[in-house]
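Notes for the structure review
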Amino acid sequence: MELTALFLQMKMSASSDSWKSKAACRKAYTDTYCSNQAQSGMNLKTLQNLMGHSDIGITMNNYTYLGLEDAAVEIVRMEAIESAGESSRRKKYV
């Protein structure tokens with residue numbers, strides 16, 4: 001059993017007696033873990049493996065809740081990369 005799964009199982013057993021509450025707790029923990037790892041820039045294939053998903057679509061579509069703020073951050077990041085590339089091209093030709 002992976003360390004993450006073991007940690008989640010220990011948290012769930014300590015948090016509630018109801019199996020429905022444990023299932024909801026497990027879902028919340030796995031969703032949060034997966035989303036946080038995706039937001040921090042973890043490679044999605046690595047995240048798929050850690051989550052135990054057979055298909056990358058499950059990881060990408062069901063577990064990574066990214067919002068408009070995340071899209072805005074990515075756009076700013078891509079613009080910075082693009083402008084850095086343009087400035088390096090200018091230096092070569094000057």
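Some points on the overall build of the protein
Within the protein, the regular secondary structure consists of five helices and zero strands. Reading the helices (α) and strands (β) of the protein from amino to carboxyl end gives α-α-α-α-α. Within the protein, the proportion of its 94 residues that are buried is 18%. Working note: accessible area of the protein is about 7200 Å², and carbon and sulfur atoms make up 58% of it.

Some thoughts on helix H3 (residues 44-51)
If you check which residues of H3 are buried, you get Leu-47, Gln-48 and Met-51. Summarising the axial view, the buried residues of H3 lie within an arc of 105 degrees, below the 170-degree limit, and thus occupy one face. Structural note: H3 exposes Lys-45 and Asn-49 on the side pointing more than 90 degrees away from its buried face. Where H3 begins, the side chain of Asn-43 points an oxygen toward the backbone nitrogen of Lys-45, at a separation of 2.7 Å.

Structural notes on the environment of Met-60
Tracing the backbone shows Met-60 in helix H4 (residues 56-62). In this structure Met-60 comes out as partly exposed when scored by relative accessible area, which is 40%. Along the primary structure Met-60 and Leu-47 are separated by 13 residues, whereas in three dimensions their C-alpha atoms are 9.5 Å apart.

Focus on the confidence of the model for the protein
With 66% of its residues at a pLDDT of 70 or more, the protein shows a mean pLDDT of 76. Model confidence for the protein, summarised as mean pLDDT per element, is weakest for helix H1 (residues 3-15) at 60 and strongest for H3 at 90.

Definitions and cut-offs
Residues numbered from 1 in each chain as written. Predicted model: local features only at pLDDT ≥ 70, side-chain atom pairs only at ≥ 80, totals over all residues. Heavy atoms only, no water. Helix = DSSP H or I, 4+ residues; strand = E, 2+ residues; numbered from the N terminus. Buried < 20%, exposed > 50% of the residue type's maximum accessible area, 1.4 Å probe, protein only. Areas by Shrake-Rupley, 256 points an atom, 1.4 Å probe, with all protein chains shown as cover. Arc of directions from axis to C-beta. Polar contact = N/O pair within 3.5 Å; in protein donor to acceptor, adjacent residues only side chain to side chain. pLDDT = per-residue confidence, 0-100.

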